[in-house]
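# Structural overview for review
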Amino acid sequence: MNRRANLRAAGGRIARALAARGQNPHIHGLLVVIALAPAATAAGQESVRERIADLRFPELRFTPTHPRSETVRSVPVYFIEDDQLPLVNFYAVFKGGVRNLARDHFAAAMALPGLLRKGGTATLPPDSVDHRIESLALAMSFGQAGGSASASVNLLSDQLDEAVELWAEMLREPRFDSVQVELWRETELERVRRRDEDPASLAYGRFNRIMYGDHPVGWEMTPGDLEPADLAEERLRFVHESIVCPENMALGVAGDVDWDRASALIDRMLARWPPCSGELLEDPVPVIRREPGVFVIHRKTEQSVVILAHSTSLRQGDTPAWFASRIGNSILGASGLSSRLNTELRTREGLAYGASSIWTTSRRNDGLVGAVTRTRPETTLEAARLLLDVVGSMREAAPTEAEVSRVVDQSVNGFVFNFGTPSRIVARGMTYRALDLPPDWLERYLRGIQRVTPRAVLEVFRAELEPSRMTFLLLGDTTRFDGSPSVLGDVTVLENGTAPSPPHGSPRSLR
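Residues numbered from 1 in each chain as written. Predicted model: local features only at pLDDT ≥ 70, side-chain atom pairs only at ≥ 80, totals over all residues. Heavy atoms only, no water.

### Remarks on the overall build of the protein chain
For clarity, the threshold we go by: Put simply, DSSP marks the helices as runs of H or I at least four residues long and the strands as runs of E at least two long, and each gets a number from the N terminus on. Each residue's exposure class comes from its accessible area (1.4 Å probe, protein chains only) as a fraction of the maximum for that residue type: buried when under 20%, exposed when over 50%, partly exposed otherwise. Residue contacts are defined here by distance: any two heavy atoms, one from each residue, within 4.5 Å place the two residues in contact. Residue-level accessible areas treat just the shown protein chains as cover; the underlying method is Shrake-Rupley with a 1.4 Å probe.
In terms of regular secondary structure, the protein chain is built from 16 helices and 12 strands. With 511 residues in all, the protein chain has 48% of them scored as buried. In the protein chain, 82% of the contacts between residues at least 6 apart in sequence involve partners at least 24 apart. Summed over its atoms, the accessible surface of the protein chain is roughly 25,300 Å², and 53% of this surface lies on carbon and sulfur atoms.

### Regarding the packing of aromatic side chains
Rules: Only Phe, Tyr and Trp rings are paired, with Trp represented by its six-membered ring, and only when their centres lie within 6.5 Å; those with planes under 30 degrees apart are stacked, over 60 edge-to-face, the remainder tilted.
Evaluated as defined, the whole model comprises 11 aromatic pairs. One aromatic cluster is present, built from ring pairs that chain together Trp322, Phe323, Trp441 and Tyr445.

### Some thoughts on a nonpolar patch on the surface
So the rule is basically this: What makes a patch is a set of residues exposed beyond 30% relative accessible area and free of salt bridges, joined within 9 Å when like-charged and within 5 Å when nonpolar (Val, Leu, Ile, Met, Phe, Trp, Tyr). Think of a salt bridge as a Lys or Arg side-chain nitrogen and an Asp or Glu carboxyl oxygen that are within 4 Å of each other.
Together, Val48, Ile52, Leu55 and Phe57 give the surface a local cluster of nonpolar side chains, amounting to about 440 Å² of exposed area. With respect to the helices and strands, Ile52 occurs in helix 2 (residues 29-54).

### Details of the sheet that holds strand 6 (residues 249-255)
Which entries qualify depends on this criterion: Paired strands, in this sense, are two strands between which DSSP finds at least two bridges. In this analysis, axes come from line fits to C-alpha atoms, helices being fitted only over the stretch in contact, and the angle between any two N-to-C directions falls in the range 0 to 180 degrees.
The strand order across the open sheet formed by six strands is 1-2-6-3-5-4, and the pairing between neighbours is mixed. Of all the strands in the sheet, just strand 1 (68-72) and strand 4 (139-145) have a single pairing partner and so form its edges. Direction aside, neighbouring strands of the sheet carry axes that sit 15 degrees apart on average. Pairing geometry for strand 4 and strand 5 (residues 148-156), over seven bridges, is antiparallel. The partner of Ala139 across the bridge, within strand 5, is Asn154. Across the sheet, helix 9 (residues 259-271) lies against strand 1, strand 2 (75-81), strand 3 (87-95) and strand 6, angled at about 35 degrees from strand 1, the strand it touches most.

### Focus: unusual backbone geometry
One non-glycine residue, Phe176, lies in positive phi territory at about 55 degrees. What makes Phe176 buried here is its relative accessible area of 5%. The phi dihedral of Asp436 is positive, around 60 degrees, even though this residue is not glycine.

Next comes the structure, spelled out in structure tokens:
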């Protein structure tokens, strides 16, 4: 009571002083409160702290949701019902892609997703397909990666039957309209002609060709791939019938539909789908360049592109080494501005706006470990040397506990967002199947990275990283470089940006 009386008395004195000055004490009431707030806060601070310390909460437990796994006509289906919104998502993933075809079918494989969307169907020309998509308010996507193709449709649940039938017909019975095929070919030719105008795209493409040679990872589209015969209907149909067929398919459904109705739709969709008739090649094993070297491409640009990497034999899997590599890669350069590469090249030296690390791993084949940045031509070699030094530092001493904890905490704290929507859960389940990963891979990943120690990160870098083996690519205005690229190793100048591997004539080409 004494404290409250003292506060009221102090407030009264302030109010009387304001009135004596001819000022309205009510207008300044807020100032009175602010003036007294520190005293009030200090007075009650200890009791508030005590009450906060006494608070008790139940332990938070998160149980991940997994999709229901079913089979319809031998096709695996991942399903989650969710009636929060009147929307349904259908997904399809097909095993098989560019890397399972001869080089002669490269253009046809690359064109397939766009022509499934734009090329019409057996019963509908392209403009009619567009009209129906618009009238049904559908959102569609079609894509392809090196070893798979995919498609999806988002629709209103009251349009379910008509929308799924249209989507299925686009996948199952494409028209490959000749006008749309030629439009795709001309657009791709123009993109190839203009590719050299983007320094980063040019550099990444050339570096892949240098490292992978005549392997699908190293293939780049050329005008020689885009002759009319390369997109003849028989080639497009061969690619389509080899990939987009039930034996290669997995389906996903998420949204405002029950399983009985969804399964009936899928059964009707698959009943008219012919089996695979084309022949896919086995995944080719890449023979990655092992020798160090420096490749230089002269381009009059205001930014140089610097890439360095060498092969690594580490495979993706449920192993301590692989989990340590993921944490180490994030510490090095895959975690944004807080990474070592960005701290050194951007923050301390001001050589680049950003830098990032590379560490690719697959289930079956070797990958690459290294780094990339962009810088001014006048600091190209300085940036390349610093890039190499920072990468090399990962095998000289273990990272700190704080570095490891920061990266692990970022992944753990974001874990729940992987389950934000049923659609995301279903799509991830299908992706894991395509990559031959177990259904609970995300949980295994979380447990694996939580066990990573600084020592484990050091050991995996010492086992897989060897700075003296690096292959460099420097693309930029060589007349403005801060020295000779030969300080980095033996130099090969790529005239007009061409890499030392021909596009045709390989064992995987029919020509």
